[in-house]
Structures are given as C-alpha cells and as structure tokens.
Amino acid sequence: MHSYRLLYHSLAFVALLLLASVLACTGKGASSKAGGRDVHDAQKGSVSRTVLLLPLGTFSKPDALRLQQRLQAVCGSVRLLPSEPLPRSAWYAPRQRFRADSLIHQMARRARPGEVYIGVTDRDISSTKNGIADWGIMGLGYRPGPACVVSTFRLHNRSRQEEFFKVAIHELGHTVGLPHCPVRTCFMRDAEGRNPTGEEKEFCAGCRSRLIAQGWRL
Ligand SMILES: [Zn+2]
Ligand SMILES: [Zn+2]
C-alpha cells in the first residue's frame, strides 16, 4: 500500500498560516508575539534560514551528502548534522514503525529561531490521516514551522534519489508555509495516498514566487 507525506495540520496552524501569509504579502516582516513560535520562526527565517539536515538511525551518508548539496542550491545554508538514533519514544510497536508527528515535534523543540530541521530516515514512518490512526507516509512537515521529516522507505528504488529530493523539497515548502497545490506537475501537489513524484517536474509559477519571496533560489 502506497501512502504519502501528510500535511501536519490543525485549525491553529491554518490560522497561523493565514496570519503569516498576510504579513508576508504586505511586506511587514515583524514577528507577531501573539503568533507563537511557528509563525515567529517562519517569518524570521524568510530571508536567511539555516536548514539542519539530521540523519536518523543508520542513514546512508552518501545519500545525506547528496541531499545536502541539492538543497543547498535551492534553500541556502544547509548544515549536515551527525546522525542520531531514532528516538524510542516515536516507536509505534503495533505497526513496527516510527511516528512522524512525534519526530517533527521533537526536532521542533530543539530548533532555535532561524533554524529548520529536516530529519531523514530509511525506516518507515507514519501519522494519523483521514481518520486512519496510523498511516504510512513518505514525509511530514509543519505548515509553517521549524521541522519536517522524510523517509526513503516508500520510494521506488529505480528513482530513489530523485524522489527523495522531491519529497524533501515538498516538506521544506510546507515549513515556509506553502499548502498543497492543485497543479499536477508541481512539487507541492498532494499525493493523496499514492506516490506521484514521477509526475512532478518543478514548482509551479505560483509556488515558485512564494518560495522566492522566502529567499529560495529558483
Ligand atoms: Zn504535503
Ligand atoms: Zn504549485
């Protein structure tokens, strides 16, 4: 069963996103005290966020280095951190996999202003989606917020590197506030339970301009 990266959403985050979008569109970058840390970070990071690439468990070093290079060309400074064990507290024994929401929550707590974590793992990850308590996914990210996670477990082997980059850039797009996009070839499309990365070619014009406004080089 293929499943997919899932947007971490709640009404609170939608409200924060709307606030962030309004502030970004009007060019007022001042952080909102009422907005909490997620909005604060997203706005502070809009010009110079540092991406912290964190390999979780026994993740391939060459894969991590390759992703670092590719992300660096798009998102600016990307620091590769020493790998860390997957936290036992995120383990979901009934399905023998790790809870993605727990992983991003733990990374978000460590993020300082201007930092965004991207955890990478080759183990299966899951979250709650559409009423299904534990649904296997490829990635999960706050929208907006300081953390996301990507798993290579569900990627096709023949195009694994390319798919890995696409899922990573999708989740990082969420962290700067981008929602899912209706354009089928756009990296921000919602996979709706499948793996459509083969159809994804680039960011569409709308998503691209929003990311450029966040300091991305596209
Ligand atoms: Zn998504
Ligand atoms: Zn788009």
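Now for a description of the structure that goes with this document. (Residues numbered from 1 in each chain as written. Chains lettered and ligands numbered in written order. Predicted model: local features only at pLDDT ≥ 70, side-chain atom pairs only at ≥ 80, totals over all residues. Heavy atoms only, no water.)

**As for the side chain of D101**
Residue placement: D101 occurs in helix α4 (residues 100-110). In this structure the side chain of D101 is engaged in a polar contact, spanning 2.8 Å, whose partner is the side chain of R99. Among the polar contacts made by the side chain of D101, one reaches the side chain of S127 at a distance of 3.5 Å. (Helix = DSSP H or I, 4+ residues; strand = E, 2+ residues; numbered from the N terminus. Polar contact = N/O pair within 3.5 Å; in protein donor to acceptor, adjacent residues only side chain to side chain.)

**Some words on the packing of aromatic side chains**
The full count for this structure, using the stated rule, is four aromatic pairs. Between F187 and F203 the ring centres are 4.9 Å apart and the planes differ by 85°, which places this aromatic pair in the edge-to-face class. With F187 in the loop between α5 (160-175) and α6 (205-213) and F203 in the loop between α5 and α6, this residue pair connects regions lying 16 residues apart in the sequence. Comparing F187 with F203, the two get one shared label, buried. Across from the ring centre of F165, 4.0 Å away, lies the NZ or CZ of R70, which sits over that ring. (Phe/Tyr/Trp six-rings, centres within 6.5 Å; stacked < 30°, edge-to-face > 60°. Buried < 20%, exposed > 50% of the residue type's maximum accessible area, 1.4 Å probe, protein only. Lys NZ or Arg CZ within 6 Å of the ring centre and 35° of its normal.)

**Considerations on the pairing of strand β7 (residues 125-129)**
Two faces make up the sheet, and in a regular strand the side chains alternate between them. In terms of burial, β7 is a largely internal element, four of the five residues being buried. The pairing of strand β5 (residues 97-99) with β7 spans two bridges and is parallel. In the strand pairing of β7, R99 is matched with S126. Relative to strand β8 (residues 132-137), β7 is paired through four bridges, and the arrangement is antiparallel. Directly across from I125, in β8, lies its bridge partner I137. Between β7 and β8, which pair antiparallel and follow one another directly, the connecting turn spans two residues, one of which, N130, has a positive phi of 45°. (Pairing = 2+ DSSP bridges.)

**Concerning the nonpolar core**
Residues I118, I169, L172, F203 and W216 are the most contacted members of the largest nonpolar core, which totals 33 residues. Going through the elements one at a time, β2 (50-55), α3 (61-75), β6 (115-121), β10 (147-151), α5 and α6 are the ones with two or more residues in this core. Considering every element that reaches this core, the biggest residue donor is α5, with six residues. Apart from the residues within four sequence positions on either side, I118 is in contact with V51, L52, L53, L54, M107, C148, V150, A168 and L172. Grouped together as the second largest cluster of nonpolar side chains are 21 residues, A100, L103, I104 and Y142 included. (Core = buried A, V, L, I, M, F, W, Y, C linked by side-chain atoms within 4.5 Å. Contact = heavy atoms within 4.5 Å.)

**Looking at the pattern of salt bridges**
Under the defined criterion, the tally for this structure stands at 13 salt bridges. Taken together, the shared-partner salt bridges connect R97, R99, D101, D124, D134 and R154 into one network. (Salt bridge = Lys/Arg side-chain N within 4 Å of Asp/Glu carboxyl O.)

**Observations concerning the environment of P113**
Relative to the elements of secondary structure, P113 occurs in the loop between α4 and β6. Overall, P113 belongs to the exposed group, its relative accessible area being 54%. It is 8.5 Å that separates the C-alpha atoms of P113 and P146, two residues lying 33 residues apart in sequence.

**Side note on α3**
Its 15 residues give α3 an end-to-end C-alpha distance of 20 Å, which sits within 8% of 21 Å, the value for a rise of 1.5 Å per residue. Of all the positions in α3, only D63, A64, L67, Q68, L71, V74 and C75 are classed as buried. Down the axis of α3, the sector holding all buried residues measures 135°, keeping them to one side. For α3, the exposed residues lying more than 90 degrees away from the buried face are K61 and Q69. As for α3, its buried residues are in contact with β2, β3 (78-80), β6 and α5. One side-chain oxygen of the residue at the start of α3 lies 3.0 Å from the amide nitrogen of D63, identifying that residue as S60. Just downstream of α3, G76 is the residue with a positive phi angle, here 90°. (Expected span 1.5 Å × (residues − 1). Arc of directions from axis to C-beta.)

**Here we look at the coordination of the zinc ion (ligand 2)**
Each protein donor to the zinc ion (ligand 2) is listed here as C181 (SG), C186 (SG), C204 (SG) and C207 (SG); together their distances run 2.3 to 2.4 Å. One can describe the donor arrangement at the zinc ion (ligand 2) as tetrahedral, given that its four donor atoms subtend angles of 105 to 117° at the metal. Read N to C, the donor residues that coordinate the zinc ion (ligand 2) are spaced as C-x4-C-x17-C-x2-C. In this pair, C181 is assigned in the loop between α5 and α6 and C204 in the loop between α5 and α6, connecting sequence segments 23 residues apart. Like C204, C181 is buried. (Donors = N, O, S within 2.8 Å, 3.2 Å for Na, K, Ca; no water. Tetrahedral: all angles 85-135°; square planar, octahedral: opposite > 155°, others 65-115°.)

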